[in-house]
Amino acid sequence: DTAVSQTPKYLVTQMGNDKSIKCEQNLGHDTMYWYKQDSKKFLKIMFSYNNKELIINETVPNRFSPKSPDKAHLNLHINSLELGDSAVYFCASSQVGGRSNTEAFFGQGTRLTVV
Amino acid sequence: DQQVKQNSPSLSVQEGRISILNCDYTNSMFDYFLWYKKYPAEGPTFLISISSIKDKNEDGRFTVFLNKSAKHLSLHIVPSQPGDSAVYFCAATTRTNAGKSTFGDGTTLTVKP
């Protein structure tokens, strides 16, 4: 049973296209995140959603739009893809509210290549 | 402004010896620190953490040390095993939201048999 799963694992697309990456967690966590790992290997947070509400948007271009249909899902839609969007995108979840406050559990990553 | 730094991009250690991975941070607001381990083509997985009220936390072969005055933490792995070969990320955050972290750029550890 995969705790945090994201699809697709690899995505190759042309500049200007629109694409989506899906993420689901079955851990019952109340908070989900999107992180981006660029070519320099930095992992930087992009978005954080708590109970379907956006709580962090870290100066990400508005071509990136996260959508959370429910607590267990956080999808990432990217419009008008650019070469610089090529990176590995990680979805993660954690429990923030309540008695537990956990570390992040990450998905396996989606390697996006824009050509 | 890189708030969390891992100055050694790589480290090579002989099996059975100690591995020491270092991390420095600049933001005094950070009060919770984590180490994640990452294998190729996988997401990071949590390894060990430490709160700023402690200076040491141990879990089996892994020990994290925190020096708040120096804004420095280190991860010790002893004895090192070949299966420990991975990229190790240091992360810093506030205790109220451990999932939202500022990451260092990782240290690739290679443990040679």
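Located above this text is the structure these notes cover.
Let us look at the structure shown here. Just so it is clear, the structure is predicted and the values come from calculations on it, not from any experiment.

Describing the sheet that holds strand E7 (residues 64–70) of chain A
Residue and element names in this part refer to chain A.
Thinking step 1. Across the sheet, 4 strands lie side by side as E1-E3-E8-E7; this open sheet has antiparallel pairing. If you trace the sheet from one side to the other, it starts and ends with strand E1 (4–7) and E7, each paired once. Sheet twist, expressed as the mean angle between neighbouring strand axes with direction ignored, is 20°.

Structural notes on the environment of Gln6(A)
Residue and element names in this part refer to chain A.
Thinking step 1. Note that Gln 6 resides in strand E1.
Thinking step 2. The class of Gln 6 is buried, set by a relative accessible area of 2%.
Thinking step 3. Look past the residues within four positions of Gln 6 in its chain and what remains in contact with it is Ile 21, Lys 22, Cys 23, Trp 34, Tyr 89, Phe 90, Cys 91, Gly 107, Gln 108, Gly 109 and Thr 110.
Thinking step 4. Looking at Gln 6, its side chain comes within polar contact range of the main-chain oxygen of Tyr 89, at 2.8 Å.
Thinking step 5. Looking at Gln 6, its side chain comes within polar contact range of the side chain of Thr 110, at 3.0 Å.

Some remarks on the interface of chain A and chain B
Thinking step 1. On the side of chain B, 19 residues touch chain A, which itself brings 21 residues to the contact.
Thinking step 2. Summing the contributions of chain A and of chain B, the shared interface buries around 1,600 Å²; its carbon and sulfur component is 59%.
Thinking step 3. The interface formed by chain A and chain B contains 0 salt bridges.
Thinking step 4. Tallying contributions element by element places strand E4 (residues 31–37) of chain A first for the side of chain A that touches chain B, with 3 residues.
Thinking step 5. Split into classes, the residues belonging to the side of chain A that touches chain B amount to 10 nonpolar, 6 polar and 5 charged.

Remarks on the side chain of Ser93(A)
All names here are of chain A.
Thinking step 1. As for its position among the elements, Ser 93 is in strand E9 (residues 87–94).
Thinking step 2. Of note is the side chain of Ser 93, whose polar atom sits 2.8 Å from the side chain of His 29.
Thinking step 3. Setting aside its immediate chain neighbours within four residues, Ser 93 contacts Val 4, Gln 25, Leu 27, His 29, Thr 31, Met 32, Tyr 33, Glu 103, Ala 104 and Phe 105.

Some words on the state of the cysteines
Residue and element names in this part refer to chain A.
Thinking step 1. For the structure on display, the rule yields 2 disulfides over all chains.
Thinking step 2. Here Cys 23 is linked by a disulfide to Cys 91, with a sulfur-sulfur distance of 1.8 Å. One quick way to see it: the torsion about the S-S bond of Cys 23 and Cys 91 is about -75°, and its sign makes the bridge left-handed. Here Cys 23 is found in strand E3 (residues 19–25), whereas its partner Cys 91 is found in strand E9, with 68 residues between them in sequence.

How each quantity is defined
- Residues numbered from 1 in each chain as written.
- Chains lettered and ligands numbered in written order.
- Predicted model: local features only at pLDDT ≥ 70, side-chain atom pairs only at ≥ 80, totals over all residues.
- Heavy atoms only, no water.
- Pairing = 2+ DSSP bridges.
- Helix = DSSP H or I, 4+ residues; strand = E, 2+ residues; numbered from the N terminus.
- Axes fitted to C-alpha atoms, helices over the stretch in contact; angles between N-to-C directions.
- Buried < 20%, exposed > 50% of the residue type's maximum accessible area, 1.4 Å probe, protein only.
- Contact = heavy atoms within 4.5 Å.
- Polar contact = N/O pair within 3.5 Å; in protein donor to acceptor, adjacent residues only side chain to side chain.
- Buried area = accessible area lost by both parts, 1.4 Å probe.
- Salt bridge = Lys/Arg side-chain N within 4 Å of Asp/Glu carboxyl O.
- Nonpolar A, V, L, I, M, F, W, Y, C, P; charged D, E, K, R; others polar.
- Disulfide = S-S within 2.5 Å.

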